[in-house]
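# Structural features, examined
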Amino acid sequence: MGIFLHKAVGKNGKLGIWQITESLDELLKMIPMSAGTEKDLSVLDSNSNERRKKEWLVARILAEQLTDEKDSRIIYDEHKKPFLSRRDGNPENSKKHISLSHSHNLLAVIIDEQETGIDIEVIKPKVVRIKEKFMSEEELGSLQKEKQEEQLTTYWCAKESLYKLYGRNELVFNKHLIIEPFQYSEKGVIRGWIKNSAKEKLFTLQYQKIISGNDNYMLTHIINQD
């Protein structure tokens, strides 16, 4: 199907969601062939999971469409945080930051000139059972009973977005990632903190409920206004 959603985010960001319905061969034909492409495709060949291969391809196709940069590639640092780089593999050669997320047949990409984060998740009843693992006491006290699954998934996705922006495995979700209590609706803007010994900073995030087929998803992402 291709691009499901495409929009501007904040001052310089772009966001896209791709609904994956294509075959592996169809996606391979969409990959631009340039210097370094063969090396990238060798990484793809090492993965035997077809769904993962499709996600890998779509992330790169969508990133190119959002940036209009024909010679860019997605690489990862030592903490497995992705960067958008030139084909020589040096992230300093691109001014773009990137974050990725996938759930079922949707894959989301956000690109910005500042550090960013994105998350998309199918809304499931399971989130109610595990809420104490990622929610603070204050956050738990703010829940609306009639919309618990949607609101809890919003909290989870917002914290995942902050976690991806931070990019290192040093954060405890119910301690270091704090979302200010909010009144849930199907779309809105919320505020979240990263608070640990290395960083204390407030971020603005947008959330949006998305329907695709028979599934309800929650999407959250950072909004950079500077």
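Check the entry above for the structure.
Throughout what follows, the structure given in this document is the object of discussion.

What counts and what doesn't
Residues numbered from 1 in each chain as written. Predicted model: local features only at pLDDT ≥ 70, side-chain atom pairs only at ≥ 80, totals over all residues. Heavy atoms only, no water. Phe/Tyr/Trp six-rings, centres within 6.5 Å; stacked < 30°, edge-to-face > 60°. Lys NZ or Arg CZ within 6 Å of the ring centre and 35° of its normal. Pairing = 2+ DSSP bridges. Helix = DSSP H or I, 4+ residues; strand = E, 2+ residues; numbered from the N terminus. Axes fitted to C-alpha atoms, helices over the stretch in contact; angles between N-to-C directions. Contact = heavy atoms within 4.5 Å. Buried < 20%, exposed > 50% of the residue type's maximum accessible area, 1.4 Å probe, protein only. 1 Å grid on protein atoms, 1.4 Å probe; cavity = no way out; pocket = protein on both sides within 12 Å on 5 of 7 lines; lining within 4 Å. Points joined across faces, edges and corners; volume = space filled by probe spheres on them. Nonpolar A, V, L, I, M, F, W, Y, C, P; charged D, E, K, R; others polar. Expected span 1.5 Å × (residues − 1). Polar contact = N/O pair within 3.5 Å; in protein donor to acceptor, adjacent residues only side chain to side chain. Salt bridge = Lys/Arg side-chain N within 4 Å of Asp/Glu carboxyl O.

Under the defined criterion, the tally for this structure stands at six aromatic pairs. Linked through ring pairs, Phe134, Trp156, Tyr163 and Phe173 together constitute an aromatic cluster. Residue placement shows Arg168 over the ring face of Tyr166; its charged tip is 4.3 Å from the ring centre. In this structure, Lys195 is placed above the aromatic ring of Trp193, and the distance from its NZ or CZ to the ring centre is 4.7 Å.

A word on the sheet that holds strand 8 (residues 177-179). Reading across the sheet, the five strands line up as 7-11-10-9-8 and stay open at both edges, with antiparallel pairing between neighbours. In this open sheet, the two strands that pair with only one neighbour each are strand 7 (118-122) and strand 8. Mean inter-strand twist for the sheet, computed between neighbouring axes without regard to direction, equals 25°. Here nine bridges tie strand 10 (residues 200-212) to strand 11 (residues 215-223), and the two strands are oriented antiparallel to one another. Across the sheet, residue Ser212 finds its bridge partner in strand 11, namely Asp215. Against the sheet, helix 7 (residues 148-166) engages strand 7, strand 8, strand 9 (187-195), strand 10 and strand 11, with an angle of about 40° to strand 11.

Moving on, we come to the environment of Ile123. Looking at where Ile123 falls in the secondary structure, it is placed in the loop between strand 7 and helix 4 (126-129). For Ile123, a relative accessible area of 14% puts it in the buried group. Every residue in contact with Ile123, bar those within four places of it in the chain, is listed here: Glu149, Glu150, Thr153, Lys209, Asn216, Tyr217 and Met218.

It is worth spelling out the layout of surface pockets at this point. Any empty space left between atoms is shown by rolling a water-sized probe over those atoms. Computed from the structure, the largest pocket encloses a volume of approximately 720 Å³. Taken together, 28 residues form the lining of the largest pocket, with Tyr76, Lys80, Leu100, His102 and Lys164 sitting closest to its centre. Looking at the lining of the largest pocket, the elements that each hand over two or more residues are helix 2 (37-45), helix 3 (50-67), strand 5 (97-103), strand 7 and helix 7. Among the residues making up the lining of the largest pocket, the classes are represented as ten nonpolar, eight polar and ten charged. Taken as a whole, the second largest pocket encloses approximately 320 Å³ of empty space. What lines the second largest pocket is a set of 13 residues, and nearest its centre among them are Glu121, Val122, Lys124, Lys126 and Trp156. Residue classes in the lining of the second largest pocket are distributed as four nonpolar, four polar and five charged.

Taking 1.5 Å per residue, 18 residues should reach 26 Å; helix 3 reaches 26 Å between its end C-alpha atoms and fits that length. The buried fraction of helix 3 is high, at 14 of 18 residues. Its side-chain oxygen at 2.9 Å from the backbone nitrogen of Arg51, Asn49 defines the N-terminal cap of helix 3. Within two residues after helix 3, Asp68 carries a phi angle of roughly 60°, on the positive side.

What follows deals with the pairing of strand 10. Relative to strand 10, strand 9 is paired through nine bridges, and the arrangement is antiparallel. Bridging across to strand 10, Ile194 finds its partner in Lys201. Here strand 9 folds back onto strand 10, and the loop between the two strands holds four residues. Where strand 10 folds back on strand 11, the antiparallel hairpin that results is connected by two residues, among which Gly213 adopts a positive phi of roughly 65°.

Bringing helix 7 into the picture now. The terminal C-alpha atoms of helix 7, which comprises 19 residues, lie 27 Å apart, in line with the 27 Å expected from a rise of 1.5 Å per residue. With 14 of 19 residues buried, helix 7 is to be regarded as a mostly interior element. Directly after helix 7, the chain includes Gly167, whose backbone phi takes a positive value near 80°.

Across all of its chains, the model carries twelve salt bridges by this definition. For Lys81, the salt bridge goes to Glu115, with nearest N and O atoms at 2.8 Å. Within this pair, whereas Lys81 is found in the loop between strand 3 (72-76) and strand 4 (82-86), its partner Glu115 is found in the loop between strand 6 (106-112) and strand 7, the two being separated by 34 residues in sequence. Exposure remark for Lys81: the relative accessible area of 8% places this residue in the buried category. Overall, the relative accessible area of 34% leaves Glu115 in the partly exposed class. Among the ionic pairs, Glu139 bridges to Lys159, the shortest N-O distance being 2.7 Å. Of this pair, Glu139 sits in helix 6 (residues 137-140) while Lys159 sits in helix 7, and the two are 20 residues apart along the sequence. For the pair shown, Glu139 and Lys159 are each scored as buried. Through salt bridges with shared partners, one network takes in Arg51, Arg52 and Glu55.

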